[in-house]
Amino acid sequence: MKNNATIIGIGWVTPASMGRPGHVHKFENPKEMFRLSGKSVLDTPYKAFGRMDPFSKLGFSAIAFAMADAGFSPISSYKDDSPAKQTVAAIAESATGCLDTDFSYQATLSGDPPHIPSPALFAYTLPSCFLGEAAIYYGLAGEAYMIETIENTGLTALSFAMDSLDTGNCKAAVCGICNLGPGTALDGTGPAPGALFLVLGKEPSPSVDRKGNSSLPLTITRQITNGDRFYLGENEVTELAKLIQKDIT
Amino acid sequence: MNRVFIAHAGVVSALGRGLDTLYRGLIKEKNGFSRVNRFSTASYVSDIAGLIPGLSLTKAGAMESAVIELAMGLIRELPHELSQQIKIGRLITASTKGGIDLLRTDSFFATSSDRQNGLPASAARGLPVSSLTANITREIGIKKTGFNISAACASSTIALAKAGELIRSGREHTVAVLAMDLVTEFVFSGFSAIGSMGPGPAMPFDRHRQGLTLGEGAALIVLTSREPLARKHNPAPSEMAGWGIAGDAAHLAAPDKMAAGLKTAILQACKTAKISPERIGIISTHGTGTVYNDAMELKAINDLFPSKAVMANSIKGSIGHTLGASGAIEAALCTKLLEEKTLPGTKGLIDPEQGAVPIFSSRNRTFETTPVLTINSGFGGINAALIFQVLP
């Protein structure tokens, strides 16, 4: 059995750069990826950005770049007083989850005498929280959850995102990977810190012409026989990051 | 499209080990709450929780989370004959914080140097959650890498929905969903700080409810496309007929007052099950006992079931809010309800909230065969719904 989805948006934050095809900001120092600001990522301000933990900022930023690439606007930019929310899924995958944030929260409990726990920080000790933030910012009312797995290929998130389109419950889906903190490594000994998200649709978006910006074929094919396998044209995709290698370098 | 049958449902909660123990405890109106002495509660709004009898958290310096023993205990309880006959193709875990009990201030890798160097891969059996899932998957001999679904308090409801999709589409024949969460100072302090914890036992759907009571628990649900196995190993064989997931896109920490996401999730579940909402006779609600959650659920139920012919309950006044495990514990209980045809009353409900009568009651109530709906909602504005029905 085969089915297809169309890639209508790509966004990323890696130690080398952040952005989307045609709009790339290269980092002089890899540590810049840990100092993301709302101004550097968003055209339309989101007041919650500043209070997010580093893991959420990373994932949210990559989603924001991908959504901009796909032509989605923040819900606050709509002129209608009560804009309709959209059935768009948001599915992420991670090996580290928000363990970095867990450490930070635990540290607030360990003073002598103990500090008052931070309610704002506790909220972000759920790795799916940045998906909720993205849902609020863009008005995404589809399914949303984090998949935590040591595989870290992004393909489980991709597969469930394609399911959300196939069932007809969602008209588009944003899916990808996000890793930060303990366990990550820049030398290949662990998952690299960073985030990468795609926006998928069943058909190419008529309002967005990405062909001039991306080196990618637009259609991804899933073959379901003894496990899911993904193809771009003739080439099998074994991890999401390889899918956009030409775009992010 | 394959149908999704329940091969096995096991539970451990504050009322003890086993689904039957949980159900009998609820029918007898038992309360599973006890005073927390794992850590000092002096700075927090409550000092009680639904603790699993006899469960101790990891000791200082320990290298394995208590949650692993909890999970393996449920796996060992799989009936021998069933485990011989069934081949689990995939494990999906559902936990919000996994082995967070390892992250103690006095534990071996909570120092700043360990933090900078990253976790020693062989050391932490329970953190991060991805490694918890990988460890359990390896121990029970499943070849495919497992994964954890994290979606706050809807985690295991969504994990069951994903398992259902894998089976329905023919990609897997049998999927085990293992849900678990512990009461630790980490989560206790957090729920106290964000103001959703109440001082006393939770009072779901009561006018005077003051917040949730934390609980811990685990559930193992084995779903399969093999109907004969489900029939052979269950006195009242049942299927998971429908599921739905939808977001509020309204607020990170509070539910949508209009309950739009929850209503969409319920209607999606009805669509998957190919039934209309009027066919549903029983609802196992999330019912945390917080002001806003319960109000949102009442809005959804009253909007979608205007005849008020439906009966609903919450079990969180008996075992507490078991976070990511709650959906699977309640789903397991739904399969038991289909067998027993008696809905346990809602413990803690004394003076029902407007719109809760006659749908909710503190009394046990009998019912005729009907599809059973279970619903959960979580942080980030996510909602999920499952529908179970008994096989003819």
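Rules used throughout
Residues numbered from 1 in each chain as written. Chains lettered and ligands numbered in written order. Predicted model: local features only at pLDDT ≥ 70, side-chain atom pairs only at ≥ 80, totals over all residues. Helix = DSSP H or I, 4+ residues; strand = E, 2+ residues; numbered from the N terminus. Buried ≥ 20, exposed ≤ 12 C-beta atoms within 10 Å, placed from the backbone. Contact = placed C-beta atoms within 7 Å. Axes fitted to C-alpha atoms, helices over the stretch in contact; angles between N-to-C directions. Parallel < 35°, antiparallel > 145°, perpendicular 65-115°, else oblique. Left-handed = near helix turned anticlockwise from the far one by under 90°. Nonpolar A, V, L, I, M, F, W, Y, C, P; charged D, E, K, R; others polar. Pairing = 2+ DSSP bridges.

Draft legend 1. Geometry of the environment of B:L74. Residues and elements named next belong to chain B. Take L74: it is sitting in helix 2 (residues 66–76). By C-beta crowding, L74 is classed as buried, having 22 other C-beta atoms within 10 Å. When the C-alpha positions of L74 and P306 are compared, they lie 39 Å apart, and in sequence the two are 232 residues distant. Sequence-distant contacts of L74, defined by excluding residues within four places in its chain, comprise G10, V12, L178, A218 and L220.

Draft legend 2. Here's a closer look at the packing of helix 2 (residues 54–69) of chain A against helix 5 (residues 129–138) of chain A. All names here are of chain A. Where helix 2 contacts helix 5, the two axes come as close as 9 Å, and the packing angle between them is 40°. The pairing of helix 2 with helix 5 is recorded here as oblique in orientation. Of the two elements, helix 2 crosses helix 5, and the hand of that crossing is right-handed. Packed against helix 2, whose contacting residues are S56, G59, F60, I63 and M67, the element helix 5 presents C129, F130, E133, A134 and Y138 at the interface. Partitioned by chemical class, the residues of the contact of helix 2 with helix 5 number 7 nonpolar, 2 polar and 1 charged.

Draft legend 3. Summary view of the pairing of strand 15 (residues 382–390) of chain B. Residue and element names in this part refer to chain B. The buried fraction of strand 15 is high, at 8 of 9 residues. In this sheet, strand 15 lies alongside strand 9 (residues 238–247) in antiparallel orientation, the contact comprising 9 bridges. Residue S238 lies in a different strand from strand 15, and its bridge partner there is V390. Examined bridge by bridge, strand 14 (residues 372–378) and strand 15 share 7 bridges and lie antiparallel to one another. Note that in strand 15 the partner of I375 across the bridge is A385.

Draft legend 4. Focus on the interface of chain B and chain A. Opposite the 47 residues of chain B that make contact, chain A presents 47 residues. For the side of chain B that touches chain A, the secondary-structure elements that each account for two or more residues are helix 5 (129–139), strand 6 (147–150), helix 6 (155–168), helix 7 (185–193), strand 9 and helix 9 (260–273) of chain B. Broken down by class, the residue content of the side of chain B that touches chain A amounts to 24 nonpolar, 18 polar and 5 charged. In the sheet, strand 5 (residues 144–148) of chain A pairs with strand 6 of chain B via 3 bridges, with the strands oriented antiparallel. The residue bridging A:I147 from the neighbouring strand is B:I149, located in strand 6 of chain B.

Draft legend 5. Quick peek at the pairing of strand 8 (residues 219–224) of chain A. Of the strand pairs in this sheet, strand 1 (residues 2–13) of chain A and strand 8 of chain A are connected by 5 bridges, and their pairing is antiparallel. Its bridge partner lying in strand 8 of chain A, A:N4 is registered against A:T221.

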